[in-house]
Amino acid sequence: MRKFVLFLMLVLSLGAQAKEAPPAAADPALEKRMLDLTEQLRCLVCQNQTIADSHADLAIDLKNQVREKLAAGMSDKEVINYMVDRYGDFVLYKPPVKETTWLLWFGPFLLLVVGIGVLMAKLKRRNATPDNVPEEDLKRAASLLKDTNNSKDQA
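In this report, we go over the structure that sits alongside the text.

What counts, and where the lines are drawn
- Residues numbered from 1 in each chain as written.
- Predicted model: local features only at pLDDT ≥ 70, side-chain atom pairs only at ≥ 80, totals over all residues.
- Heavy atoms only, no water.
- Helix = DSSP H or I, 4+ residues; strand = E, 2+ residues; numbered from the N terminus.
- Buried < 20%, exposed > 50% of the residue type's maximum accessible area, 1.4 Å probe, protein only.
- Expected span 1.5 Å × (residues − 1).
- Bend = angle between axes of the 7 residues up to and from the residue.
- Arc of directions from axis to C-beta.
- Patch = residues over 30% accessible without salt bridge, like charges linked within 9 Å, V, L, I, M, F, W, Y side chains within 5 Å.
- Areas by Shrake-Rupley, 256 points an atom, 1.4 Å probe, with all protein chains shown as cover.
- Salt bridge = Lys/Arg side-chain N within 4 Å of Asp/Glu carboxyl O.
- Phe/Tyr/Trp six-rings, centres within 6.5 Å; stacked < 30°, edge-to-face > 60°.
- Lys NZ or Arg CZ within 6 Å of the ring centre and 35° of its normal.
- Contact = heavy atoms within 4.5 Å.

Topic: the environment of His-55
Then step 1. Tracing the backbone through its elements, the reader meets His-55 in the loop between α2 (28-38) and α3 (57-71).
Then step 2. For His-55, a relative accessible area of 70% puts it in the exposed group.

As structure tokens, this is what we get:
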């Protein structure tokens, strides 16, 4: 039994191999700029993470591209513009407010206002006494309710 456990531990330890860390820039200032920029860019695979947070292969490639562009002397704005030109506004983690993104920014608020309006109209209509009910039916309903209440009181 002891040999089996040792064999199992050996097999499991061979399977757990660590990956090599991605290369960092030799210049720490350049690496900080790269990290700041990648915090502003969306991972195109994960879509709910920044490139800095993602471990997807495409995100790693994009980080390397940003690092190369910065090392080549491009400014932060030029790198962002390069990425937007290549991938569109979607690559920005916080897309700008412009005519093409108005629905994205203001659509949820518009839906909320419309939803509240519809809810209020429904509640108002529900609480209103219907005018088309004949007077005889209202009296009959009232007498039935009165009889029901009287029978409960007696019980």
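Brief notes about helix α5 (residues 102-127)
Then step 1. With 26 residues, α5 extends 37 Å between its outermost C-alpha atoms, agreeing within 8% with the 38 Å of an ideal straight helix rising 1.5 Å per residue.
Then step 2. Along α5, the largest kink reaches about 30° and is centred on Pro-108.
Then step 3. Of all 26 residues that make up α5, one are buried, and the element is exposed over most of its length.

Here we look at α2
Then step 1. The complete set of buried residues in α2 reads Leu-30, Glu-31, Met-34, Leu-37 and Thr-38. Projected down its long axis, α2 carries its buried residues within an arc of 125°, all on one side. Exposed residues on α2 whose side chains face more than 90 degrees from its buried face are Pro-28 and Lys-32.

Topic: a nonpolar patch on the surface
Then step 1. Together, Val-97, Trp-102, Leu-104, Trp-105, Phe-106 and Phe-109 give the surface a local cluster of nonpolar side chains, amounting to about 670 Å² of exposed area.
Then step 2. A relative accessible area of 55% places Leu-104 in the exposed class.

Here's the deal with the packing of aromatic side chains
Then step 1. Scanning the entire structure with this criterion turns up zero aromatic pairs.
Then step 2. Against the face of Tyr-82 rests Lys-69, its NZ or CZ located 4.2 Å from the ring centre.

Digging into the environment of Asp-76
Then step 1. On the secondary structure map, Asp-76 appears in helix α4 (residues 76-87).
Then step 2. Linking Asp-76 and Arg-33, residues 43 residues apart in sequence, is a C-alpha distance of 7.8 Å.
Then step 3. If we skip the residues at most four places from it in the chain, Asp-76 touches Arg-33, Leu-37 and Leu-70.

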